[in-house]
Protein chains: 2
Amino acid sequence: MNFQTGGRVVFFATNNLNKFREACMVMREFNLAMGMLRIKSLEIQSENLEEIAKFSVLNAFEKCCIPIIVEDAGLFIEALNGFPGPYASYVYRTIGNEGLLKLMENVKLRKANFRSVVAYFSAELAAPICFKGEVAGEITEEVRAGSSGFGFDPIFRPERSDKTFAEMDIKEKNMCSHRAKALREFAKWYIAHKRIV
Amino acid sequence: MNFQTGGRVVFFATNNLNKFREACMVMREFNLAMGMLRIKSLEIQSENLEEIAKFSVLNAFEKCCIPIIVEDAGLFIEALNGFPGPYASYVYRTIGNEGLLKLMENVKLRKANFRSVVAYFSAELAAPICFKGEVAGEITEEVRAGSSGFGFDPIFRPERSDKTFAEMDIKEKNMCSHRAKALREFAKWYIAHKRIV
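Read on for a plain summary of the structure. (Residues numbered from 1 in each chain as written. Chains lettered and ligands numbered in written order. Predicted model: local features only at pLDDT ≥ 70, side-chain atom pairs only at ≥ 80, totals over all residues.)

**What to know about the pairing of strand 2 (residues 33-37) of chain B**
Residues and elements named next belong to chain B.
- As defined by bridge partners, strand 1 (residues 9-13) adjoins strand 2 across five bridges and the pair is classed as parallel. What sits directly across from Ala 13, in strand 2, is Leu 37.
- Between the parallel elements strand 1 and strand 2, the chain passes through helix 1 (residues 17-29) in a crossover that is right-handed. (Pairing = 2+ DSSP bridges. Helix = DSSP H or I, 4+ residues; strand = E, 2+ residues; numbered from the N terminus. Right-handed = clockwise from strand over helix to strand, strands pointing away.)

The structure is reproduced here in structure tokens:
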């Protein structure tokens, strides 16, 4: 593959291989190379994804001292006052898809949003820069797992699709996902500024 | 009231008046005076209360530079793999007692633990010191609110009691609560060390 990065690789601080695979595919659209850095960056408790991502990327940068991105995502279900919000991964590990579906039993309003914030920081910047993506959809009535996806993907169907995120392959999911949108915003900005950041 | 604190007041960094009232009553058992400091200290995302409390107390100390305690508590429900754990206050604000009871519908194993960690830090210490308290009990079948309590108190009945935490007055709750136990451990230590910390 012919990456035209001028020798620069953007590193993504994450321990989530699924997120990394999705990100690589988005970066490829822009001829950008991406590396995975498996460091555990601190996340703060907040209902504001941007606040969490900014804190995390500074914490990751302190540890590695190279230009770096982190990504923080959340699932916000309208009928549950935004739950599980930024705590989606903890909620997934404990009560899982079945728990969320139980909470949504007999609930007619099934609207939900997946939101993503990508935060970038390098020594050349005064503060982290954030890029956002969002996708509206609904919580399905049952678990609809497929060949890919992770977390709550099997119970989230984006608007204007018959499939849940888990029933899509990565390419399809990246056409509409919150994460891909945020990463594309980052990639466009990065290409425009990479000589200086 | 005749506080024999030698002019020293322990400040509790919290925005939760209920917690502060419980803490004051425990401190009074030891003739210690307690002040409330309404600063917002950062909390990290972790499943380890001690880790959260240590980070928070250092963050609070950075802001106020006086000897200070923070307290972090969680509700760990066995059948839900520890959910809501350290995120109890967020889960309470979003899905509430009704949400937790819905998750526990038709669940026979109703065991749960409330856990508390009090962390203390002052300029004289190299690192925060933590004190723990825990109470075992079960999740009730319905909301049993009373005259006091907050958060998940109306659905938690401690072992060897007919009442939920919310059906107890503060004095009764402090006889057995996780928070009172942790605060008593702190108070004993503080009295033994207050000349030097």
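**Thoughts on the interface of chain A and chain B**
- Across the boundary between the two partners, chain A contributes 15 residues, which contact 15 residues of chain B.
- Counting residues per element, the ones that place at least two in the side of chain A that touches chain B are helix 3 (88-94) and helix 4 (96-103) of chain A.
- With three residues, the single largest contributor to the side of chain A that touches chain B is helix 4 of chain A.
- Classifying every residue of the side of chain A that touches chain B gives eight nonpolar, five polar and two charged. (Contact = placed C-beta atoms within 7 Å. Nonpolar A, V, L, I, M, F, W, Y, C, P; charged D, E, K, R; others polar.)

**Let's talk about the packing of helix 1 (residues 17-29) of chain A against helix 6 (residues 178-193) of chain A**
Residue and element names in this part refer to chain A.
- Where helix 1 meets helix 6, the closest approach of the two axes is 10 Å, and the angle between their N-to-C directions is 45 degrees. Between helix 1 and helix 6, the crossing angle belongs to the class labelled oblique. Relative to helix 6, the crossing made by helix 1 is right-handed. Touching Lys 19, Glu 22, Ala 23, Val 26 and Met 27 of helix 1 are Arg 179, Ala 180, Leu 183, Arg 184 and Ala 187, all from helix 6.
- Here the contact of helix 1 with helix 6 is built from residues that sort into six nonpolar, no polar and four charged. (Axes fitted to C-alpha atoms, helices over the stretch in contact; angles between N-to-C directions. Parallel < 35°, antiparallel > 145°, perpendicular 65-115°, else oblique. Left-handed = near helix turned anticlockwise from the far one by under 90°.)

**Points about the packing of helix 4 of chain A against helix 4 (residues 96-103) of chain B**
- The N-to-C vectors of helix 4 of chain A and helix 4 of chain B enclose an angle of 120 degrees; their axes lie 9 Å apart at closest approach. If you check the angle between helix 4 of chain A and helix 4 of chain B, you find them oblique. Between helix 4 of chain A and helix 4 of chain B lies a crossing of right-handed hand. Of the residues in helix 4 of chain B, those in contact with A:Gly99, A:Lys102 and A:Leu103 of helix 4 of chain A are B:Gly99, B:Lys102 and B:Leu103.
- Each residue belonging to the contact of helix 4 of chain A with helix 4 of chain B can be placed in one class, and the counts come to two nonpolar, two polar and two charged.

Interpretation note: all reported values are geometric properties and have no functional meaning in isolation.
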